[in-house]
Amino acid sequence: MRIFQNISLKPYNTFGIEANASQFVELQTLEEVQVLCQTFNLTDRKLLILGGGSNILLTKDFDGMAIKINLKGIEIVKENDEEVWVQAMAGESWHSFVTHCVEKNWGGVENLSLIPGCVGAAPMQNIGAYGTEIKAVFSSLKAVEIATGEMVEFNNEACEFGYRESVFKNKYKGKYIIVSVIFKLNKKPILNVSYGAIQDVLNEKGITSPTIQDISNAVIAIRQSKLPNPAELGNAGSFFKNPEIPAEQYQRLKNEFTEIPGYPAPNNQVKVPAGWLIEQCQWKGKIVGNTGAHKNQALVLVNYGNATGNEILNLAKQIQDSVYNQFKINISPEVNLID
Ligand SMILES: Cc1cc2nc3c(=O)[nH]c(=O)nc-3n(C[C@H](O)[C@H](O)[C@H](O)COP(=O)(O)OP(=O)(O)OC[C@H]3O[C@@H](n4cnc5c(N)ncnc54)[C@H](O)[C@@H]3O)c2cc1C
């Protein structure tokens, strides 16, 4: 394990923001994670745990230690005729893990194909897409407590998963390094084609009895047609979460804006697509200096070249203000803001 000083984080964040970390270390094994936590007093310093850097916005140089998690490996830990419990180490690419499962015909993660990033970050915000989220297939995870270097196990309930939320973004923020995750997958996959354009893509291809490979391919095709590839245009996917508002407020808005979409959410709330709100405020495709809201998906903020983290943040604030002025709805970032 070697600790580097003053390292550019540009290759480590999909927004492609230029910012330096005072210290940088890459960890390949569980032992290295534990040794780092036990040797250095990490609770005294600023830390940035890094997977694929696809859900962060670096707002300035990072005056602390960036820790890139590279632990690799996928293995079966238990199975019966119906189900298989598969453990993936935190540094595995999420999409490679999905591909592995799809090839083995283990169902449950195919709708989450092509989400960038690593397995270790997936529970952080309970990643979700196309009608599912990892909570549905999550069995447990192992994490190293930063203060002690000890390993702790969290089951599904202990992770307190919510919409783009978990305990690791809330009361345990900055307290643990996730090292591995166990998923419970189905050997007799139950397909979920109800969301988005999956069924349309299958129809177009004349597929009447789809496999999970067909679902995965459909999701990949839809995502590639709608979302900018971070390798070509810096971004971190959806910048904002879809706001959940009280049903009465939604009804009042519906009277004024008859087209406003809304989906039932827990506690008599209605989830409103943030992309629609942003689009109504005329941000879709708008370019502001080096930044902008993407032309196909207004929810995705992009770096057109040499944007600084602050430029993206300023754009985000302008968008939040205009959505609030027009709809009296606060939209909050899904992306983790790092300062
Ligand atoms: C084009 C695009 C499309 C996207 N689509 C989706 C989507 O459909 N659904 C969705 O949910 N997300 C989506 N995202 C967001 C992102 O891909 C996910 O949130 C992903 O899980 C982030 O993984 P990462 O490894 O890149 O995390 P990072 O950005 O590296 O980290 C994210 C957060 O998790 C913390 N963290 C990372 N690894 C660990 C670890 N091992 N232990 C503890 N903390 C850790 C970081 O400190 C940070 O706070 C998209 C992003 C892009 C660029």
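Now for a description of the structure that goes with this document. (Residues numbered from 1 in each chain as written. Predicted model: local features only at pLDDT ≥ 70, side-chain atom pairs only at ≥ 80, totals over all residues. Heavy atoms only, no water.)

Some thoughts on the site of the ligand
Close contacts around the ligand come from 33 residues, with I49, G52, S54, G128 and R223 the closest. One nitrogen or oxygen atom from the main chain of P116 is found 2.9 Å from an oxygen atom belonging to the ligand. In the environment of the ligand, a nitrogen atom lies 2.9 Å from a nitrogen or oxygen atom belonging to the backbone of I178. Protein contact buries 93% of the 970 Å² of open area that the ligand shows by itself. (Near = heavy atom within 4 Å. Polar contact = N/O pair within 3.5 Å; in protein donor to acceptor, adjacent residues only side chain to side chain. Areas by Shrake-Rupley, 256 points an atom, 1.4 Å probe, with all protein chains shown as cover.)

Some points on the nonpolar core
If you look at the biggest cluster of nonpolar residues, it comprises 45 residues, and the most contacted ones within it are F240 and L301. When contributions to this core are tallied by element, the ones reaching two or more residues are β2 (20–27), β3 (47–50), β4 (56–58), β5 (62–69), α5 (247–256), α6 (274–280) and α7 (309–327). Setting aside chain neighbours within four positions, we find F240 in contact with A274, I278, L299, L301, A316, I319, Q320, I331, S332, P333 and E334. The next biggest cluster of nonpolar side chains, apart from the first, holds 40 residues, and it includes A122, C159, I198 and A218. (Core = buried A, V, L, I, M, F, W, Y, C linked by side-chain atoms within 4.5 Å. Buried < 20%, exposed > 50% of the residue type's maximum accessible area, 1.4 Å probe, protein only. Helix = DSSP H or I, 4+ residues; strand = E, 2+ residues; numbered from the N terminus. Contact = heavy atoms within 4.5 Å.)

Comments concerning the sheet that holds strand β14 (residues 244–246)
Here three strands make up an open sheet; going across it, the order is β14-β16-β15 and the pairing antiparallel. Edge positions in the sheet fall to β14 and β15 (263–265), since each of these pairs with one other strand and no more. Neighbour-to-neighbour, the strand axes of this sheet turn through a mean angle of 40°, independent of strand direction. In this structure, β15 lies alongside strand β16 (residues 269–271), joined through three bridges in antiparallel fashion. Bridging across to β16, A265 finds its partner in Q269. Its contacts with the sheet place α5 against β14 and β16, and it is angled at close to 90° to β14. (Pairing = 2+ DSSP bridges. Axes fitted to C-alpha atoms, helices over the stretch in contact; angles between N-to-C directions.)

Details of the pattern of salt bridges
Taken as a whole and judged by the stated rule, the model has eight salt bridges. For R164, the salt bridge is made with E334, and the minimal N-O distance between the two is 3.9 Å. In this pair, R164 is assigned in the loop between β11 (151–155) and β12 (176–186) and E334 in the loop between α7 and β20 (336–338), connecting sequence segments 170 residues apart. Side by side, R164 and E334 carry an identical accessibility label, which is buried. (Salt bridge = Lys/Arg side-chain N within 4 Å of Asp/Glu carboxyl O.)

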